Amino acid sequence: MTLADHPTTAPRRPVTYGAVLGSRHVVRLLGGTLTGRLPNSMVPVGLVLWITGGGGSLAFAGLLAALYGLASGLSQPVKGKLMDRYGQTRVSAPAVLLNAGCLAVLPLIGVDGNPVSVTAVVGFAGLVTPPLEAGLRALWPTVLPDPARRRVVQALDTGSQGLLYIAGPLLASWLATTYGPDSALTATAALSLAGTAIVLTAEPSQSWRPAADGAAGGGRLMSTGLILLFTALAGTGFAFGAMNVWAAGMAAIHGPAMLSGVIPAAFSTGSLLGSLIYARRARPGTTATQLITTSALFLLGWLPLLAQPGPRTAIALTAIPGLFFTLIITNGFHTVESLAPASRTTEAYAWLILSVGTGQAAGTACAAALAARLHGLAALPAAGAATALTILVLARPELGPARSLGRHRRPRQHRKHRKHHVNSPLHEGGSRMPVVDGSGDRTPRNGSPACASAAGREGRPGTWEGRLATWEGRPGTWEGRLPTSRAEERKAAPARGEQFDASPPESAPGGPWQGVSVPDPSRRVPL
């Protein structure tokens, strides 16, 4: 069964962070992934400082930063699909080498170099960013088979992402100010190489293969539930992107320039706290129910900001929706796990990451268009959250598991068990009877020997004769309603023999063969 179709219950023993982080490979994979993904938040700032520090225009620097982020996000599903087909090492290793090489060659080209060459190198570097986040999500079921421990580490992973976008820009600014803009790009390339190497050299990454529910990378991925889920999460990302521009508008009106960074930092801090609380508390209801509930709380968290509070109040209130942002993303990953084919989970995770990133970019663009209207800026995060909640509520019937069996469906039996009863005609009550051919040979289609005696198979499990013996006399079945006297048996036998296209027996047999025609094997007609 999957996470989405069972109510989530608390484990008998509370799962501690020490127990989860003490599990084998957890700290290495988590730390390596965070190190390798830190450049994702450093590169945009590093590019802006590198271009402007060399005398280039801020507009060109912003274009390069946007191009890098857009190329990185759009290529995620393709890299996830390749990873599902060829494994993590054969995809992430070439990607990180090309990405680090492009970033390291930019200082050699120089700001005064050909703008077309600089743009092409930056765009290609974004396309080949290693898909560490989607790869790590695919590794957790192997590293932590226990669902309770897996929820803890996934919540920690999601909650720590916000800290990357606080520490990354600060680190890039410090390196550019202290050692020069070129050093920021060089350090970014080195961190990407180091983090990816830590992950790829770990045993779980080297031995990981996608689950085989068909050909690797095969099967239909996009179901109605996944499309609606990704659309809803784009609305969640829209709220996050609009918040960043709203924070800059608050800083422009109320004075302190650092307010544009403090408000997103408060949101990220709330996200981390939410992940810590979520990982230790019982979570009633199914995953789909939790996703809708946390989205509703996320929307409610944005509503107080519509009153245009002061700077200090705004900082405190921004942490409230941040508490539920991690919960939405975590439950979104769990829902993807239950809806996507097992052989394409990495690609499905990459689509989720892309949907959130696309929504964030759309939110930033819409907020930039309304930068002069602070009231409109404050309403945009709530609008994105309301859109996400509406889609999730309407999509609730589609968010159930796609690979689990329905309530009234029976699992398909193995071929070696099916061959004993395939295509055998049914009798009343569901019992299966032999096929009598024109030669009088009783040859069941289930492969039973034609001349085997009824006594030899009587009561044998798995045969229709055994089921007759088992059901004999049972109330509610036609066997239990058979007449008990010999005279009535003789009267009923012709009708039953005519029903099954067989002649009545010469004498009424006993046991399970009451009233059933048993042709003599000696009357076979040779072929």
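Each remark here, short or long, concerns the structure printed above.
Each value, and the rule that gives it
- Residues numbered from 1 in each chain as written.
- Predicted model: local features only at pLDDT ≥ 70, side-chain atom pairs only at ≥ 80, totals over all residues.
- Heavy atoms only, no water.
- Phe/Tyr/Trp six-rings, centres within 6.5 Å; stacked < 30°, edge-to-face > 60°.
- Helix = DSSP H or I, 4+ residues; strand = E, 2+ residues; numbered from the N terminus.
- Buried < 20%, exposed > 50% of the residue type's maximum accessible area, 1.4 Å probe, protein only.
- Lys NZ or Arg CZ within 6 Å of the ring centre and 35° of its normal.
- Salt bridge = Lys/Arg side-chain N within 4 Å of Asp/Glu carboxyl O.

1. Considering the packing of aromatic side chains
So, step 1. Per the stated rule, a full pass over the model turns up eight aromatic pairs.
So, step 2. Seen in terms of ring centroids, Phe240 and Phe267 are 5.3 Å apart; in terms of plane orientation they differ by 40°. Their pairing is tilted. Placement of Phe240 in helix H11 (residues 224-254) and of Phe267 in helix H12 (residues 259-280) is noted, with a sequence separation of 27 residues between them.
So, step 3. Overall, the relative accessible area of 16% leaves Phe240 in the buried class.
So, step 4. A residue is classified by how much of its surface remains accessible, and Phe267, at 1% relative accessible area, is buried.
So, step 5. Taking the centre distance of 5.6 Å and the plane angle of 25° together, the rings of Phe240 and Phe325 count as stacked. Taken together, the residues Phe240 in helix H11 and Phe325 in helix H14 (residues 311-339) connect sequence positions 85 residues apart.
So, step 6. Within the aromatic cluster, the residues linked to one another by ring pairs are Phe240, Phe267, Phe298, Trp302 and Phe325.
So, step 7. Taking NZ or CZ as reference, Arg137 lies 3.9 Å from the ring centre of Phe333, over its face.

2. Side note on the pattern of salt bridges
So, step 1. Enumeration over the complete set of coordinates arrives at five salt bridges.
So, step 2. Where Glu133 meets Arg37, a salt bridge forms, and the shortest distance between an N and an O atom there is 3.7 Å. Remark: Arg37 occurs in helix H2 (residues 26-53) and Glu133 occurs in helix H7 (residues 132-143); sequence separation between them is 96 residues. With respect to burial, Glu133 and Arg37 carry one shared label: buried.
So, step 3. A network of salt bridges, in which partner residues are shared, links Arg37, Glu133, Arg137 and Asp157.

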